[in-house]
Amino acid sequence: MLSRFVSQELIDCLNFVGGNWLKPSEELSQIKNPHTGKAIARTYRSNAQDIHKAVVAAKAVQKDWAQMSVRERAHILNQFRGWILENLTLLSQTISDECGKLPKEAQDGLLKGIEILEFAISLPCSEKLYKIPVSRGVSCEYKREPLGIVAGITPSNFPAMVPLWMIPNALIVGNCFIWKPSEKTSITSLLIAEGLKKSGLPDGVLTVVQGDKVTVEALCEHEDIKAVAFVGSTPVAKDVYKRATAQGKRALTLGGAKNHIILMPDADKETTADAILASFTGCAGQRCMAASVLLAVGEVDLIINSLVDKAKEFQPKVNIGAVITKESLNKLTTAIGTAQKEGAKILVDGRKVTIAKEYENGNWLNPTILDNVSPQSFAAKEELFGPILSIIRCKNLEEAIAIENKNPYGNAASVFTTRGDVAEFVSENASAGMIGINVGIPVPREPFSFGGINASKFGHGDITGEGGIEFWSNRKKITTKWIQQKSKNWMS
Ligand code: NAD
């Protein structure tokens, strides 16, 4: 399916506008397979003119799309759901090739995307479209309307799942969607656009514009784009929120994270180490829900020792994928060195990697566990975005919560305990939008929405579930009064 995009041995990451594949104005860079270091794709930057072309194409069809019955829109999304399931292997492999995670991890992300599609498809059955009589002859009802043309900007770590947080809900309510994928993982966007076209989506309803900062700024500035959703790092999320809202647009921008796990001495000895290991090593730690800091309360060495033994057994490419770029790898190895200088003890050093010759140029970092990390240190405070776990030793639960509360982010926080009162205390007091009780990656299932708080999110509401429907639409309140004629002559 990708062969049609290949020129001079590289995949060309083109724009998809009005159902046609177009070359954006400027060449940008290359995507290198994180497992091998080999260049696999050429990327482009769309400028303000490219964005305008995209908006014109979307505008030409938006009203027709909005007037199509919701049942027909749901049918197309359902076809697309089937297309993803039929092409799961190709999609998972493509995601793995461009962003480094293991194919199984890529598949899990796609299946999470399917959940959001299913939510959107079920909208005609699940929307609370109630109409209530107010007084004789008068009723009030809701009418949900699309915003028109909307845009979504997505990060490199989930090339399909995060766009699928946005696209189904934006489309089901009748918007045309302009998507700017990450320039580091643009290949998947070619497949998703093809899949939606094959599923019967009318040309122009989904537009893909490739690019970087320049493209994002042009999207924020275009007056016909009514809403902007963003997922990525916190500084950019903050900036995009400011830019979009300054132009009067609705905006919801999700940022980075620094997720804490509280490990209590009463935690289950059999299962806890595995759950913590999966949380900080899955997708090579490049998840906004990954554990980053372990707040070890009291005597928990049995579990930590087990965690260390299991982490040491990891093999790159088998148990853990690669990090996305050489720059990311260098940042992570430097951070480990800094942590050591700041007094941390390295329990597991992931910089020591043995790998087959053909993968020697890949960006490999094995699980790394740092102990006795100071709450004031770089490793404790910064989002490292790699398979590194920093252990901070705490005297009691109050101290652990105080450290968690000080971190500016607010995506996820988890506790491992067998005590209900401890779990209740953490869920009440942790400063995160998504809480895990004996769950290392507490991503809620749909229809429970996804969304953090504090510096992990700018704007109101959640990105999926009902939050997504609210974000991508207006809810009009209609009050109607019909006056019955005294004559009761129904035919005049
Ligand atoms: P990033 O912020 O570098 O890029 C995200 C998007 O913004 C990309 O499309 C990119 O092209 C664009 N962009 C980059 N710099 C920009 C700028 N200066 N101005 C405007 N646009 C710009 O993030 P990334 O490295 O692709 O993804 C990893 C980050 O995303 C991590 O911080 C991770 O925690 C976060 N993330 C958050 C969530 C969440 O739900 N909160 C989910 C996934 C990833």
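The residue numbering used here restarts from 1 in each chain and proceeds along that chain's sequence as written. At least 70 in pLDDT is required for a residue's local features to be given in this predicted model, at least 80 for side-chain atom pairs to be given and counted, and no such filter applies to totals for whole chains, interfaces and linings, which use all residues.

Caption draft 1: Molecular detail of the domain arrangement of the chain. Annotation of the chain at the domain level lists domain 1 (2–255 + 447–477) and domain 2 (259–437). Computed over C-alpha atoms, the centres of domain 1 and domain 2 are 31 Å apart. Contact between two residues is assigned whenever their backbone-derived C-beta positions fall within 7 Å. Contact residues are listed per partner, giving 19 residues for domain 1 and 24 residues for domain 2. Note on residue classes: Ala, Val, Leu, Ile, Met, Phe, Trp, Tyr, Cys and Pro are nonpolar, Asp, Glu, Lys and Arg are charged, and everything else, Gly too, is polar. Looking at the side of domain 1 that touches domain 2, its residues break down into five nonpolar, ten polar and four charged. An automatic or database domain assignment supplies the start and end points of every domain.

Caption draft 2: Structural context of the site of the ligand. Being near a molecule or strand means, for a residue, that its C-beta atom, positioned from the backbone, comes within 6 Å of it. In the vicinity of the ligand there are 29 residues, among which Pro-155, Gly-232, Ser-233, Gly-256 and Cys-288 approach most closely. Secondary structure counts use DSSP, requiring at least four H or I residues in a row for a helix and at least two E residues in a row for a strand, with both numbered from the N terminus. Among the elements that take part in the shell around the ligand, helix H9 (residues 234–246) stands out by supplying three residues, more than any other. Among the residues making up the shell around the ligand, the classes are represented as twelve nonpolar, eleven polar and six charged. In this structure, the shell around the ligand is formed jointly by two domains, domain 1 (2–255 + 447–477) and domain 2 (259–437), each of which donates at least three residues.

Caption draft 3: Examining the sheet that holds strand S8 (residues 138–146) more closely. Ordered by their spatial adjacency, three strands build an open sheet running S7-S8-S22, and the pairing between neighbours is antiparallel. Unpaired on one side and paired on the other, strand S7 (131–135) and strand S22 (473–481) mark the two borders of the sheet. Looking at each pair of strands side by side, their axes are set apart by 30° on average, direction ignored. A pair of strands is labelled paired if DSSP reports no fewer than 2 bridges between them. Across four bridges, the pairing between S7 and S8 is antiparallel. Across the sheet, residue Ser-135 finds its bridge partner in S8, namely Val-138. Working convention: axes come from line fits to C-alpha atoms, limited for helices to the stretch in contact. Angles between N-to-C directions cover 0 to 180 degrees.

Caption draft 4: Molecular detail of the nonpolar core. In this structure, Ile-178, Val-228, Leu-263, Leu-294, Leu-295 and Val-297 are the most contacted members of the largest nonpolar core, which totals 151 residues. Looking at this core element by element, the count peaks at nine residues for helix H6 (residues 161–172). Three or more residues apiece are contributed to this core by two domains, here domain 1 (2–255 + 447–477) and domain 2 (259–437). With residues near it in sequence (within four places) discarded, Leu-263 still touches Leu-294, Leu-295, Ala-296, Val-297, Val-300, Ile-303 and Phe-416. By convention the nonpolar core is taken to be a set of buried residues drawn from Ala, Val, Leu, Ile, Met, Phe, Trp, Tyr and Cys and joined through C-beta atoms within 7 Å. Each residue is classed by its C-beta neighbour count within 10 Å, where at least 20 other C-beta atoms makes it buried, 12 or fewer makes it exposed, and intermediate counts make it partly exposed; the C-beta atoms are placed from backbone geometry.

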